[in-house]
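Now for the letters of each chain:
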Amino acid sequence: MGLNQKLRYISLLFCLFLIVSAGAQAIPSDNNGERLLSQAINEQLLRSQVGFLTDPLCEGRATGTRGTVEAGAWIARQFSSYGLLPLAQEHFHSFIAEDKIGRNILGFSPSSYPSGKYIVIAAHYDNIGVLNGNIYPGADSNASGVAALLALARLNRG
């Protein structure tokens, strides 16, 4: 495993830690909390989202391909529809990996309580793509993780 890949895993773990540690504070403690969770964690919606990300249109979401651009634009639209704010002017943060341009998608939500805290939602969404003419759709890496994080983002809507 190269240094870039190690850094990527460390940053993903850090983002997941932030989400988990802040997520408990994001769910209201009243009776409304259960309703919000059931709306956010909906099997049909999760299947639909994983289905889109693994669709041949996304070509396995290899970094720098048309398929990853399609998937990234869709995720950014989801972030916006759930009220997540971009860190800069847009949700995308571009990087170069192995001579290809990749894009991270980041969104945040300020705390509803005046605490100065934020919830950051991020996950990798790229995958292997196409090898030897076969599309590797990446349901486990990381379409299912993106769908789970979108469920957390839906909690932001309340």
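Residues numbered from 1 in each chain as written. Predicted model: local features only at pLDDT ≥ 70, side-chain atom pairs only at ≥ 80, totals over all residues. Heavy atoms only, no water.

## As for the pairing of strand β2 (residues 100-105)
Right, on to step 1. Here six bridges tie strand β1 (residues 92-97) to β2, and the two strands are oriented antiparallel to one another. Within β2, the position partnered with alanine 97 by the bridge is lysine 100.
Right, on to step 2. The antiparallel hairpin formed by β1 and β2 contains two residues in its connecting segment, where glutamate 98 sits at a positive phi of about 50 degrees. (Pairing = 2+ DSSP bridges. Helix = DSSP H or I, 4+ residues; strand = E, 2+ residues; numbered from the N terminus.)

## Remarks on a nonpolar patch on the surface
Right, on to step 1. On the surface, Ile128, Leu131 and Tyr136 cluster together into a nonpolar patch covering about 270 Å² of accessible area.
Right, on to step 2. Secondary-structure assignment places isoleucine 128 in the loop between β4 (118-121) and β5 (129-131).
Right, on to step 3. Its relative accessible area of 48% is what places isoleucine 128 among the partly exposed residues. (Patch = residues over 30% accessible without salt bridge, like charges linked within 9 Å, V, L, I, M, F, W, Y side chains within 5 Å. Areas by Shrake-Rupley, 256 points an atom, 1.4 Å probe, with all protein chains shown as cover. Salt bridge = Lys/Arg side-chain N within 4 Å of Asp/Glu carboxyl O. Buried < 20%, exposed > 50% of the residue type's maximum accessible area, 1.4 Å probe, protein only.)

## A closer look at the confidence of the model for the protein
Right, on to step 1. When pLDDT is averaged across the protein, the result is 80; 75% of the residues are at 70 or more.
Right, on to step 2. When mean pLDDT is taken per element in the protein, strand β6 (residues 134-136) scores highest with 96 and helix α1 (residues 3-26) scores lowest with 46.
Right, on to step 3. Per-residue pLDDT stays below 50 along residues 9-27; that stretch engages in 20 contacts with residues further than four places along the chain or on separate chains. (pLDDT = per-residue confidence, 0-100. Contact = heavy atoms within 4.5 Å.)

## Re unusual backbone geometry
Glycine aside, the phi torsion of most residues is negative, and most peptide linkages are trans.
Right, on to step 1. For the peptide bond that leads from serine 141 to asparagine 142, omega is 5 degrees, which places it in the cis range.
Right, on to step 2. Tracing the backbone through its elements, the reader meets asparagine 142 in helix α5 (residues 139-157).
Right, on to step 3. A positive phi is found at glutamate 59, a non-glycine position, where the angle reads about 50 degrees.
Right, on to step 4. Looking at the element boundaries, glutamate 59 is found in the loop between α3 (43-53) and α4 (66-81).
Right, on to step 5. Of note, aspartate 99 is a non-glycine position whose phi angle comes to about 65 degrees, a positive value.
Right, on to step 6. With respect to the element layout, aspartate 99 can be found in the loop between β1 and β2.
Right, on to step 7. Of the residues examined, aspartate 99 reaches a relative accessible area of 78% and is grouped as exposed.

## Structural notes on empty space enclosed by the protein
Right, on to step 1. In total, this model carries one cavity of 30 Å³ or more according to the counting rule given.
Right, on to step 2. If you add up the space inside the largest cavity, you get close to 70 Å³.
Right, on to step 3. Lining the largest cavity are Ile75, Phe79, Ile105, Ala122, Ala123, Tyr125, Val146, Leu149 and Leu150.
Right, on to step 4. Contributions of two or more residues to the lining of the largest cavity are made by α4 and α5.
Right, on to step 5. A total of three residues in the lining of the largest cavity trace back to one element, the largest contributor, which is α5.
Right, on to step 6. Across the lining of the largest cavity, the residue classes tally to nine nonpolar, no polar and no charged. (1 Å grid on protein atoms, 1.4 Å probe; cavity = no way out; pocket = protein on both sides within 12 Å on 5 of 7 lines; lining within 4 Å. Points joined across faces, edges and corners; volume = space filled by probe spheres on them. Nonpolar A, V, L, I, M, F, W, Y, C, P; charged D, E, K, R; others polar.)

## Focus: the packing of aromatic side chains
Right, on to step 1. Under the counting rule described, the total for this entry stands at two aromatic pairs.
Right, on to step 2. Look at phenylalanine 108 and tyrosine 118: their rings are 5.3 Å apart centre to centre, the planes differ by 70 degrees, and that puts the pair in the edge-to-face class. Note that phenylalanine 108 is positioned in strand β3 (residues 107-110) and tyrosine 118 in strand β4, a separation of 10 residues in sequence.
Right, on to step 3. Relative accessible area serves as the criterion here: at 16%, phenylalanine 108 is assigned to the buried category.
Right, on to step 4. For tyrosine 118, a relative accessible area of 49% corresponds to the partly exposed category.
Right, on to step 5. The ring of phenylalanine 92 has arginine 103 sitting right over it, with the charged end atom 3.7 Å from the ring centre. (Phe/Tyr/Trp six-rings, centres within 6.5 Å; stacked < 30°, edge-to-face > 60°. Lys NZ or Arg CZ within 6 Å of the ring centre and 35° of its normal.)

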